[in-house]
Amino acid sequence: MRKLATLILVSASAALLLGACSTTESNPGVATPTAGTGGAATATAGASSGGMSGLPCAAAGGSANPTPTAGSPATAGAGTAGSGGTAGQSSAGSGGGGPVATKPSPGCNKAAPETPTQFVKHSLMSSGASRDFYTYLPAAYDSKKPYPLIFAFTPCGGSGNPSSNVPIQNESKDKAIIVSPQSKGACYENQIRNSPELPFFDDTLKYAEENYCVDENRIFAIGYSAGSWMAIILGCERADIIRAHAQVSGGLPIFERPSDCRGSVASLYIHDSSDGSNTIGGGYAARDRSLRIDGCSDTTIAWDPAPCKAYQGCKPGYPVVWCETTGQGHERQDNLAPAAFWKFFSQF
């Protein structure tokens, strides 16, 4: 069930500014529908798997992202596998609370509105503007079966190109629905208070729940680069909706106040020590907030796939996993992220 909102006092440990902008490949397979004044227009998109390298580039307006100055990582203790779940099991560290019952959305038992295994473009009105988003139904979609719903956020420059996302559909296969909200410009407006991206998330969630068979107890968010910031923001300001979030190369937004966070959320972070666009200090800061909110200790154990580590002592059902890589820079890390994300989500 959706969690009751709670206010948790935490301290922001970094002054971090913009999410990184990343180059993307063209996507000629995406047709552009006419945006309506309500409802949604659709058109089939191209390939379902991603192929973007995620090289850093200047953000909208021509300026590159500044270098944040976040704090150091938390100290990891020795830890033993016996104090929590071992790698490969359904729970991450000591946080696994076990699955809960499904909660079917109003869209269950409605005929599939589109062809599965394709990213399909839609538009709707949100905050007075026409906004685009993509949906992806799994193979053999069954309108009587509630599916987990994954929100996938793009890097800067990735709008209109579903292949710019972490290709989690290659791992979730026939087990999840994906929604990818698109930025209105080059980047999401994810560095301001009262951002239109939050009501846009609410609107796309409502659309998905009304038109597809969604398990309302299993709403997840993922992102890469600027999209990672969006996943982290939702993990705070929509913690009563998001069950877990996972991301590559993000940071802790300076504008978010401790009182903005609505409770505990499970989280997984991937960040490279040599990332020059979103430096790893921002990842430490975002992770440390999750550790505080979820009540985790500094002790970690190995969590498969390597080099991930699961923190111990977290509130039951709210694990935190940290995956620090080396030599990958600002890459999307497709060799690690999709499998790690889906394994993490599958425990809930």
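Within any chain, residue numbers begin from 1 and follow the written order of that chain's sequence. This being a predicted model, a pLDDT of at least 70 is required before a residue's local features are given, and a value of 80 or more before pairs of side-chain atoms are given or counted; all residues contribute to the totals for chains, interfaces and linings. Hydrogens and water molecules were not included; the side-chain quantities draw on all heavy atoms of the structure.

J.: Mind showing me how you'd approach the state of the cysteines here?
T.: Simply put, disulfide is the name for a covalent bond between the sulfur atoms of two cysteines. Any two cysteine sulfur atoms within 2.5 Å of one another count as a disulfide. One pass over the full model with this rule turns up five disulfides. The disulfide partner of Cys-108 is Cys-213, and the S-S distance across this bridge is 2.0 Å. Judged by the torsion about the S-S bond (85°), the Cys-108/Cys-213 disulfide is right-handed. With Cys-108 in the loop between β3 (56-57) and β4 (119-126) and Cys-213 in the loop between α2 (197-211) and β8 (214-224), the pair connects residues that are 105 residues apart, well separated along the chain. Each member of the pair, Cys-108 as well as Cys-213, carries the same accessibility label: buried. Bridging Cys-296 to Cys-314, the disulfide has an S-S length of 2.0 Å. Taking the sign of the S-S torsion, about 115° here, the bridge from Cys-296 to Cys-314 comes out right-handed. With Cys-296 in the loop between α4 (280-293) and β11 (300-302) and Cys-314 in the loop between β12 (308-311) and β13 (320-325), this pair connects stretches of sequence that are 18 residues apart. Take Cys-296 and Cys-314: they sit in the same class, and that class is buried. Bonded cysteines in the protein chain are paired 1-4, 2-3, 5-6, 7-9, 8-10 when counted in the order they occur along the chain. Note on conventions: DSSP H or I runs of at least 4 residues are helices, E runs of at least 2 residues are strands, and numbering of each starts at the N terminus. When a residue's accessible area, from a 1.4 Å probe over protein chains only, is under 20% of the maximum for its type it is buried; when over 50% it is exposed; and in between it is partly exposed.

J.: Any chance you could explain helix α3 (residues 226-237) here in plain terms?
T.: Every α-helical turn comprises 3.6 residues, leaving residues that sit three or four positions apart pointing alike. One less than the residue count of a helix, multiplied by 1.5 Å, gives the span that helix is expected to have. Given a rise of 1.5 Å per residue, twelve residues ought to cover 16 Å, and the 17 Å separating the end C-alpha atoms of α3 matches this to within 8%. Summarising burial for α3: twelve of the twelve residues are buried, a large majority. Along α3, the residues classified as buried are Ala-226, Gly-227, Ser-228, Trp-229, Met-230, Ala-231, Ile-232, Ile-233, Leu-234, Gly-235, Cys-236 and Glu-237. What makes two residues a contact is simply this: any of their non-hydrogen atoms within 4.5 Å. Close packing links the buried residues of α3 with β6 (147-153), α2, β8, β9 (244-248), β10 (266-272) and α4.

J.: I keep staring at the confidence of the model for the protein chain and nothing clicks. Help me out?
T.: Low pLDDT means the predicted atomic positions in that stretch should not be read closely. Overall, the prediction assigns the protein chain a mean pLDDT of 79, with 72% of residues at 70 or greater. Every residue is assigned a pLDDT by the predictor, reflecting its confidence on a scale from 0 to 100. Every residue in residues 1-96 is under pLDDT 50, and counting partners more than four places away or in other chains gives 269 contacts.

J.: For this particular structure, what's the right way to read the pattern of salt bridges?
T.: Definition used for salt bridges: Asp or Glu carboxyl oxygen within 4 Å of a side-chain nitrogen of Lys or Arg. Summed over the entire model, instances satisfying the criterion amount to eleven salt bridges. Here Glu-216 makes a salt bridge to Lys-103, at a shortest N to O gap of 3.7 Å. Of the two residues, Glu-216 is situated in strand β8 and Lys-103 in the loop between β3 and β4; the sequence distance between them amounts to 113 residues. Accessibility expressed as a relative area gives 35% for Lys-103, which makes it partly exposed. Across the salt bridge formed by Asp-174 and Lys-175, the nearest N and O atoms sit 3.3 Å from each other.

J.: Would you take a moment to explain the side chain of Thr-325 for this structure?
T.: Positionally, Thr-325 belongs in strand β13. For Thr-325, the residues in contact, after removing those within four places along its chain, are His-271, Asp-272, Ser-273, Pro-307, Gln-333 and Leu-336.

J.: How do you make sense of the packing of aromatic side chains when you look at a structure like this?
T.: To describe a pair of aromatic rings, you give the distance between the ring centres and the angle between the ring planes. Between 30 and 60 degrees the pair is tilted, below 30 it is stacked and above 60 it is edge-to-face, where a pair is any two Phe, Tyr or Trp rings, Trp via its six-membered ring, whose centres lie within 6.5 Å. Using the criterion set out here, one finds 14 aromatic pairs in the structure. Between the aromatic rings of Tyr-207 and Tyr-212, the centroid separation amounts to 6.0 Å while the plane-to-plane angle is 75°, which identifies the pairing as edge-to-face. Centre to centre, the rings of Tyr-269 and Trp-322 are 6.4 Å apart; their planes meet at 45°, and the pair counts as tilted. In this pair, Tyr-269 is assigned in strand β10 and Trp-322 in strand β13, connecting sequence segments 53 residues apart.

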